[in-house]
Amino acid sequence: MKRISLTQHLIEEQRLNNTIPAELRLLIEVVARACKTISHAVGKGALGEVMGTAETENVQGEVQKKLDIISNDILLEANEWGGHLAAMASEEMESIHPIPNRYPKGEYLLLFDPLDGSSNIDVNVSIGTIFSVLKAPEGMATPTEQDFLQPGTMQVAAGYAVYGPQTVLVLTTGNGVQCFTLDREMGSWVMTQNAAKIPAETKEFAINTSNARHWHAPVKRYIDELLAGKTGPRGKDYNMRWIASMVADVHRILTRGGVFMYPADARDPDKPGKLRLMYEANPMAFIVEQAGGIATDGKRRILDIQPEKLHQRVAVFLGSREEVERVTSYHGDAADSTLLSGK
Ligand code: P6P
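Residues numbered from 1 in each chain as written. Predicted model: local features only at pLDDT ≥ 70, side-chain atom pairs only at ≥ 80, totals over all residues. Heavy atoms only, no water.

## Some remarks on the overall build of the protein chain
Summing up its helical and strand segments, the protein chain has eight helices and 15 strands in all. Against the globule reference of 20 Å for 343 residues, the protein chain gives a C-alpha radius of gyration of 20 Å, in line with a compact fold. Projected onto the principal axes, the alpha-carbon positions of the protein chain cover approximately 60 × 45 × 45 Å. Counting all 343 residues of the protein chain, 57% fall into the buried class. Sequence separation of 24 or more characterises 64% of the internal contacts of the protein chain that already satisfy a separation of 6 or more. When the 36 basic and 43 acidic side-chain charges of the protein chain are each reduced to a single mean position, those positions are 4 Å apart. (Helix = DSSP H or I, 4+ residues; strand = E, 2+ residues; numbered from the N terminus. Rg over C-alpha atoms; globule rule 2.2 N^0.38 Å. Buried < 20%, exposed > 50% of the residue type's maximum accessible area, 1.4 Å probe, protein only. Contact = heavy atoms within 4.5 Å. Lys, Arg positive; Asp, Glu negative; His and termini not counted. Charge placed at Lys NZ, Arg CZ, Asp CG, Glu CD.)

Written out as structure tokens, the structure is:
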């Protein structure tokens, strides 16, 4: 079977389906090339002096791993000079990163979590890069954080690279979900799936159950029913997976179905869960919806949420339609609406 490259796919999308302009095609190619570089750095492990912490903290107050910073720098350096971007934003940087004046500027905004799942780096478990592309507002002169605060429905592209046994790039430009496996001998991304689909039903759920004592009632009810298995109201047994790397959990769900949950809980009403809206939940929600799944914060469609802060967090329920609809409906049944995630 003749496989096509990422480049051929993007050119065909641009030429045949007119879904992506040349500038966006260039942007996606540059990000994909940066992900190859990150994959190479990650793959070196202890041989590359890239393991362990960098003794610095990011805006989230999390200790940064050396590879967090290396991956962030790779994405900044790869995307600064191309002329396709107006600015970038990253989980690892407090404020936005405008394109330096020495370079031409374009009409896109790029957001990313350069290396998601960092706690897995030192133990050789899959990690990944997540990215989201927005158009800069018409007439924008000097980009500000406000220009990035667009709902997820405004994304023109989103994707992730998962650095696991294979390195796989998953991409959507609004025309379904395509997967590309890195051919390390040729150094090229080769299409291995043209229209990924998430089954509506599943027997697999993903949540960090060590937080169970903090969960609000709708989540407790939903998980208890899954754990009751055949003997309970769901009438079937479920299996659990939790990789603690959103990219790897989402990739499993994209591949064979499932439901991923990082809910708000009773610990901090101002912190609705752990995941960030702009560069984790939104790109993953775009991909999940394009693959026939759904993604909510327990109450709202994630892509409809109007962001108020660049690094704001959001509760996340995503994956197989039947399960996400059910756990979301339990929130709707909840007497106390404050149980739902905040802004
Ligand atoms: P916990 C990784 O740090 C991350 O942001 C996601 O990739 C992952 O799903 C989640 O946090 C894991 O969180 O609380 O289980 O360590």
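## Overview of unusual backbone geometry
You will see that Asn124, though not glycine, has its phi angle at about 60°, which is positive. For Asn124, the location among the structural elements is in the loop between strand 5 (108-116) and strand 6 (127-135).

## Focus: the domain arrangement of the protein chain
Domain assignment breaks the protein chain into domain 1 (6-193) and domain 2 (204-341). Each of domain 1 and domain 2 was reduced to a C-alpha centroid, and the two centroids are 24 Å apart. Contacts between the two partners involve 49 residues from domain 1 and, on the opposite side, 32 residues from domain 2. Run the count over domain 1 and domain 2 and you get one salt bridge. A salt bridge links Arg276 to Glu91, with the nearest nitrogen and oxygen atoms 3.0 Å apart. Our count for the contact surface shared by domain 1 and domain 2 stands at 16 residue pairs in polar contact (both at pLDDT 80 or more). Those elements that place two or more of their residues in the side of domain 1 that touches domain 2 are strand 3 (85-90), strand 5, strand 6, helix 4 (145-148), strand 7 (157-163) and strand 8 (167-172). Examining the composition of the side of domain 1 that touches domain 2, we find that seven residues originate from one element, strand 6, more than from any other. For the side of domain 1 that touches domain 2, the residue count by class is 24 nonpolar, 19 polar and six charged. (Domains from an automatic or database assignment. Salt bridge = Lys/Arg side-chain N within 4 Å of Asp/Glu carboxyl O. Polar contact = N/O pair within 3.5 Å; in protein donor to acceptor, adjacent residues only side chain to side chain. Nonpolar A, V, L, I, M, F, W, Y, C, P; charged D, E, K, R; others polar.)

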